[in-house]
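# Topology and contacts: notes
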Amino acid sequence: MSPFLSTYLTPNATAVKFAIKTTLAMMLALYVALLFDLERPYWALISAAFLQIRPMSGMVVEKGICQLGGTFIGAVAGVSIMALFAQARVPALIILTIWIMLCTYVGSLWRNNYTYGCLMASVTAMLIVVISSGSTPAGIFDIALARLSELGLGAICAMLVSSLLWPTHVGTHLATQADSVINEAFEHAALRLEASDDIPAMQKALRNSLGPLTLLETDSQAARFEGPVGPGRVRATHVLTRRTLRFFANLQALHQLMHDHADRLAPESIELARKVASGFRDAEHVKGVADARQALQALRHRVHEHDEESTLTPLDRRMRLGLRESIGHAMVMLDAREAIASPASHQLRSSPLAWHRDYLAASINALRSGVLFALLATFWIVTAWQSAMIAMMLGTLFSAFFASRENPLAITKMFYKGMLVAIPSAFLFGHVLLSQANGFPMLAMLFGTPLFLGLMGATNPATMGYCLAFTIFNILLTMPGNGMDFSFDSFANRVVAVIIGLSCVVMGFRLLPGPGARLRRRRLIKAISKDINALRRRSIRDAETRFSGHMADRLLQLAQHDDMLPEDQRHLFILGLTGLDLGTATLRLRDRLDDAPHPLIRDAHQHLLHTLAQGFEESANGRPPQGIREAGQQLETAIEAYGSVPADRRVLLEGLIERLELALERLARIMAEQTKLPSSFNR
């Protein structure tokens, strides 16, 4: 059954509740707007609709605050522009274009509801400048106040309905996401420790864990608005993110050893890894966090018993330690999951993560928004067509709104199709039938019908783009108010305006699509190399915070890019995991040797870290790493001569350096082979 048929023929309770809640919030906003005779009540409806897209109470409150804050800032910007250029329309539009570009640029660098606040700041300023063109100073202020009232009304109604009717909480959502992260991570671990050749299955499990992990980290900030336990959930989320990334780094290293260098390992080590893999599969299906943690604790004890063997090579010892560390990370992940669900009974401490920010992509997004608005503003001035303001508004709104999405052109096309379906619906319900309505109850029944139907499909990711567009364009093409114009000419003008506006957005994403895949890969390699180098200079705590946050985002991007390649050319997530593994090893070396007593040890330590960072950049570009073994031997010699490190620790250090050299050599071979292939990624 297609997603649309399943949505409407067999709707689930969540979809029905969401549609009812959002429709009620919109009708409440419309009723109050009509009661107080606001100029453009449909802005209150759109405001309520956007806030209910993520209907968790904390999320609605956070988004509402960002919307009100962005609207206020945009109103101040719009009034300031008109105060300076009230009688000079072209300079006012030039300054407005710069403001829209600035808001889009800043919004593209953020990953949470602050992006929405930037969007509202640009749209509100645009509405004030365009609508108040030629108005008196008092009229400009009235227009700004009207926009604040309409958008604020929609936000208040959305927050009210969200908190009173079938309230859902961010905490429940975070616990569900944490379950997905851990279950998929354990599945990924089992495949890795079995030395599996099934790259697509490993990549799928990795992506299915990283996807909710990234969403979890972003959404966790809204938990602050759900009572005193909210900050505890945020800290637990940070712990889960850090430990999951370390978990993946360990697994990448262990898989490479067993898959590519099994001849260097004792058969007992490989068999032990398979037992650990079986333990992770069992833990994935155990009911209850406490039982799963107990099972992992027993597994860790079993691995520790095997470490007592004295005949193990440095690489074998390194592998056994890696197995113990992986189990330890998994246990902390379970603790973090429990703290997310019950923050009052489980206290964890952690600092927030820093996310990867692509300044080039943000600049392209800002340029696209500025060019698009400038073209539509020129069209408005030349034609003096009043409905062109709708096209300008759509171009500003959607060029910025879609820019931060993973595939903006595909989403824009989905909205375009939803808009085309909304045209006959708006004509029937909002033009023909609504012209015969008498009183608000009849208006709500007629106008609310297409909105409810559209919102029914807004909870399904496969239909969300089409259905949300259908809902929004029903509002824009109807524009409900106290003095509605039901003439066909007015409706036709609005149809032409929305088609022009959204067509320009599609063309904007086609002509300025953002950094190409090849350029993005080079930039990601450079960014990872830069962060690995920075690990040597920052404090360990700050370095880990920045590196973990950046790598979570990059790994997800690289895994998504791999999906676009044939199976024999998928190499990008290996690149990211190797960088993550190297960064984690660098932090581990710093933790052990930063406070070494002798300067020769510290110098050799710094030289090794620099060589490893340089080796990653060489390997990522298809060149064999140079000097890693020599730098490791230099450090081992210095420790043996001037340090007091136990012999077993020196053996582990030797095994770590050997493992990292093997990992980078493997990456260099893979990247060298891929650069010779005429892949779609390289084109």
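The structure presented is a predicted model; accordingly, all values stated were derived computationally and were not measured.

## Topic: the overall build of the chain
When helices and strands are counted, the chain shows 25 helices and zero strands. Over its C-alpha trace the chain gives a radius of gyration of 28 Å, about what one expects of a compact globule, namely 26 Å for 683 residues. Seen through its C-alpha atoms, the chain measures out along the principal axes to roughly 90 × 50 × 45 Å. When burial is assessed residue by residue, the chain has 57% of its 683 residues classed as buried. With the model as given, the accessible surface of the chain reaches about 27800 Å², and the carbon-plus-sulfur share is 59%. Here the chain contributes 65 positive and 57 negative side-chain charges, whose respective centroids are spaced 5 Å apart.

## Observations regarding the packing of aromatic side chains
Throughout the structure, instances matching the rule amount to 18 aromatic pairs. Centroid distance Tyr31 to Phe440: 5.1 Å. Interplanar angle 70 degrees. Geometry classified as edge-to-face. Placement of Tyr31 in helix 2 (residues 13-35) and of Phe440 in helix 17 (residues 440-456) is noted, with a sequence separation of 409 residues between them. You can call Tyr31 partly exposed: its relative accessible area is 41%. Residue classification places Phe440 among the partly exposed positions, given a relative accessible area of 24%. Judged by centre distance (6.1 Å) and plane angle (85 degrees), the rings of Phe379 and Trp385 are edge-to-face. Here Phe379 falls in the partly exposed class, since its relative accessible area comes to 30%. By way of ring pairs, the aromatic residues Phe50, Tyr116, Phe398, Phe401, Phe402, Phe415 and Phe473 are connected into one cluster.

## Quick word on unusual backbone geometry
At Asp37, a residue that is not glycine, the phi angle is positive and equals roughly 55 degrees. Mapped onto the elements, Asp37 comes out in the loop between helix 2 and helix 3 (42-51). Relative accessible area serves as the criterion here: at 53%, Asp37 is assigned to the exposed category. If you check the backbone angles, Ala384 has positive phi at about 55 degrees while not being a glycine. Inspection of the secondary structure puts Ala384 in the loop between helix 14 (359-383) and helix 15 (388-403).

## Section: the layout of surface pockets
Computed from the structure, the second largest pocket encloses a volume of approximately 890 Å³. Taken together, 36 residues form the lining of the second largest pocket, with Trp355, His356, Arg357, Tyr359 and His550 sitting closest to its centre. Elements that contribute at least two residues to the lining of the second largest pocket include exactly helix 4 (57-85), helix 9 (199-219), helix 20 (517-534) and helix 21 (540-562). When residues of the lining of the second largest pocket are assigned to their parent elements, the largest contribution, eight residues, is made by helix 20. Each residue belonging to the lining of the second largest pocket can be placed in one class, and the counts come to 17 nonpolar, five polar and 14 charged.

## Side note on the pattern of salt bridges
Applying the stated criterion across every chain, the model contains 14 salt bridges. Here Asp260 and Arg666 are joined by a salt bridge, their closest N and O atoms 2.4 Å apart. Residue Asp260 is located in helix 10 (residues 230-260), and its partner Arg666 is located in helix 25 (residues 647-676); the two are separated by 406 residues in the primary sequence. Of the residues examined, Asp260 reaches a relative accessible area of 28% and is grouped as partly exposed. Of the charged contacts in the structure, one is a salt bridge between Arg293 and Asp335, with a shortest N-O distance of 2.8 Å.

## What to know about the environment of Leu428
Position of Leu428 relative to the elements: it lies in helix 16 (residues 408-433). Spatially, the C-alpha atom of Leu428 lies 9.9 Å from that of Pro450, the residues being 22 residues apart in sequence.

## Regarding the side chain of Arg368
With respect to the element layout, Arg368 can be found in helix 14. It is Asp358 that comes nearest to the buried, bridge-free Arg368 among opposite-charge side chains, at 11 Å. Beyond its immediate sequence surroundings of up to four residues, Arg368 is in contact with Ala403, Gly508, Phe509, Leu512, Pro513 and Gly514.

## Details of the nonpolar core
Ranked by size, the top nonpolar core spans 101 residues in total, and within it Phe247, Phe280 and Leu296 carry the most contacts. Broken down by element, this core gets its largest block of residues, 12 residues, from helix 10. Setting aside its immediate chain neighbours within four residues, Phe247 contacts Ala185, Phe186, Ala189, Phe280, Ser326, His329, Ala330 and Met333.

## With respect to the state of the cysteines
The full count for this structure, using the stated rule, is zero disulfides. In this structure Cys66 is a free cysteine whose sulfur lies 8.9 Å from that of Cys118, the closest cysteine sulfur available. Exposure remark for Cys66: the relative accessible area of 10% places this residue in the buried category. Not engaged in a disulfide, the cysteine Cys118 finds its nearest cysteine sulfur in Cys103; these two sulfurs lie 6.1 Å apart. Since its relative accessible area comes to 11%, Cys118 is described here as buried.

## Examining helix 23 (residues 599-620)
If you check helix 23, its first and last C-alpha atoms are 32 Å apart, about what 22 residues at 1.5 Å a residue would give, namely 32 Å. Within two residues after helix 23, Gly622 carries a phi angle of roughly 85 degrees, on the positive side.

## A look at helix 22 (residues 572-593)
The end-to-end C-alpha distance of helix 22 is 32 Å, a good match for the 32 Å that 22 residues give at a rise of 1.5 Å each. The element helix 22 is largely enclosed, with a buried count of 20 among its 22 residues.

## Regarding the side chain of Gln252
The residue Gln252 is located in helix 10 in this model. Ignoring sequence-local partners within four residues, the contact set of Gln252 consists of Arg192, Ile574, Leu577, Thr578 and Arg666.

## Description of a nonpolar patch on the surface
On the surface, a cluster of nonpolar side chains totalling about 340 Å² of accessible area is made up of Val90, Ile94, Ile95 and Ile98. Summarising the element assignment, Val90 is placed in helix 5 (residues 89-109).

## Structural notes on the confidence of the model for the chain
Mean pLDDT over the chain stands at 84; residues scoring 70 or higher make up 94%. Mean pLDDT across the elements of the chain bottoms out in helix 21 (75) and peaks in helix 5 (93). Per-residue pLDDT stays below 50 along residues 677-683; that stretch engages in 18 contacts with residues further than four places along the chain or on separate chains.

## Concerning the packing of helix 18 (residues 464-478) against helix 19 (residues 488-511)
Contact geometry of helix 18 with helix 19 gives a least axis separation of 9 Å together with a crossing angle of 135 degrees. Taken together, the axes of helix 18 and helix 19 are oblique relative to one another. Crossing of helix 18 against helix 19: the hand is right-handed. On helix 19, the residues touching Phe473, Leu476, Leu477 and Thr478 of helix 18 are Phe491, Arg494, Val495, Val498 and Leu502. Split by residue class, the contact of helix 18 with helix 19 holds seven nonpolar, one polar and one charged.

## Observations regarding the packing of helix 5 against helix 14
In contact at an axis separation of 8 Å, helix 5 and helix 14 are set at 150 degrees when each is read in the N-to-C sense. Classified by the angle between their axes, helix 5 and helix 14 sit roughly antiparallel to one another. Seen along the crossing, helix 5 lies across helix 14 with a hand that is right-handed. Every residue of helix 14 that contacts helix 5 at Arg89, Val90, Leu93, Leu96, Thr97, Ile100, Met101, Thr104, Tyr105, Ser108 and Leu109 is listed here: Tyr359, Ala362, Ser363, Asn365, Ala366, Leu367, Ser369, Gly370, Phe373, Ala377, Trp380 and Ile381. Here the residues of the contact of helix 5 with helix 14 sort into 15 nonpolar, seven polar and one charged.

Reading guide: rules and limits
- Residues numbered from 1 in each chain as written.
- Predicted model: local features only at pLDDT ≥ 70, side-chain atom pairs only at ≥ 80, totals over all residues.
- Heavy atoms only, no water.
- Helix = DSSP H or I, 4+ residues; strand = E, 2+ residues; numbered from the N terminus.
- Rg over C-alpha atoms; globule rule 2.2 N^0.38 Å.
- Buried < 20%, exposed > 50% of the residue type's maximum accessible area, 1.4 Å probe, protein only.
- Areas by Shrake-Rupley, 256 points an atom, 1.4 Å probe, with all protein chains shown as cover.
- Lys, Arg positive; Asp, Glu negative; His and termini not counted.
- Charge placed at Lys NZ, Arg CZ, Asp CG, Glu CD.
- Phe/Tyr/Trp six-rings, centres within 6.5 Å; stacked < 30°, edge-to-face > 60°.
- 1 Å grid on protein atoms, 1.4 Å probe; cavity = no way out; pocket = protein on both sides within 12 Å on 5 of 7 lines; lining within 4 Å.
- Points joined across faces, edges and corners; volume = space filled by probe spheres on them.
- Nonpolar A, V, L, I, M, F, W, Y, C, P; charged D, E, K, R; others polar.
- Salt bridge = Lys/Arg side-chain N within 4 Å of Asp/Glu carboxyl O.
- Contact = heavy atoms within 4.5 Å.
- Core = buried A, V, L, I, M, F, W, Y, C linked by side-chain atoms within 4.5 Å.
- Disulfide = S-S within 2.5 Å.
- Expected span 1.5 Å × (residues − 1).
- Patch = residues over 30% accessible without salt bridge, like charges linked within 9 Å, V, L, I, M, F, W, Y side chains within 5 Å.
- pLDDT = per-residue confidence, 0-100.
- Axes fitted to C-alpha atoms, helices over the stretch in contact; angles between N-to-C directions.
- Parallel < 35°, antiparallel > 145°, perpendicular 65-115°, else oblique.
- Left-handed = near helix turned anticlockwise from the far one by under 90°.

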